[in-house]
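A closer look at the structure
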Amino acid sequence: FEAGQALAAEKKARREAERRARDAEAALSAQAAEAAAERAAAAAALERARTEAIAAAQQADSAQQGAAQEAARSARDPPPVSGGGGGGGGGRGACGGRGGL
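Residues numbered from 1 in each chain as written. Predicted model: local features only at pLDDT ≥ 70, side-chain atom pairs only at ≥ 80, totals over all residues. Heavy atoms only, no water.

**With respect to the overall build of the protein chain**
For the protein chain, the helix and strand inventory stands at 1 helix and 0 strands. Burial analysis of the protein chain (101 residues in total) assigns 0% to the buried set. Of the roughly 8,900 Å² of accessible surface on the protein chain, 57% is carried by carbon and sulfur atoms. (Helix = DSSP H or I, 4+ residues; strand = E, 2+ residues; numbered from the N terminus. Buried < 20%, exposed > 50% of the residue type's maximum accessible area, 1.4 Å probe, protein only. Areas by Shrake-Rupley, 256 points an atom, 1.4 Å probe, with all protein chains shown as cover.)

**A short note on the pattern of salt bridges**
Opposite charge on two side chains permits them to pair, given that their charged atoms come into close proximity. Enumeration over the complete set of coordinates arrives at 6 salt bridges. Its salt-bridge partner being Asp23, residue Arg19 comes within 2.8 Å of it at the nearest N-O pair. Taken together, the positions of Arg19 and Asp23, both in helix H1 (residues 2–76) and 4 residues apart, correspond to about one turn of that helix. Residue classification places Arg19 among the partly exposed residues on the basis of a relative accessible area of 35%. Taken together, the shared-partner salt bridges in this structure form one network comprising Glu16, Arg19, Arg20 and Asp23. (Salt bridge = Lys/Arg side-chain N within 4 Å of Asp/Glu carboxyl O.)

Interpretation note: all reported values are geometric properties and have no functional meaning in isolation.
In structure tokens form, the structure reads like this:
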């Protein structure tokens, strides 16, 4: 009778140990899946930041090139000096300043 009880207790202990092992394995799998998801999210965030940094660098480069081109254009073709209203040909009219007919 005692041998049967010992065998039943051993079976029960073995089933409990197996259940605990399965539970532990499931918990580890869940933790591994969560860690993998976190790594994937971090990689995606890193890629977004990289893309944004490249776009910002290209925008800055484009702005710098535009400013350099504008500076070169200004140096080559300075804007007209204002003040004086333009026009006139030395004070003489179409008739050469002789008073007309």
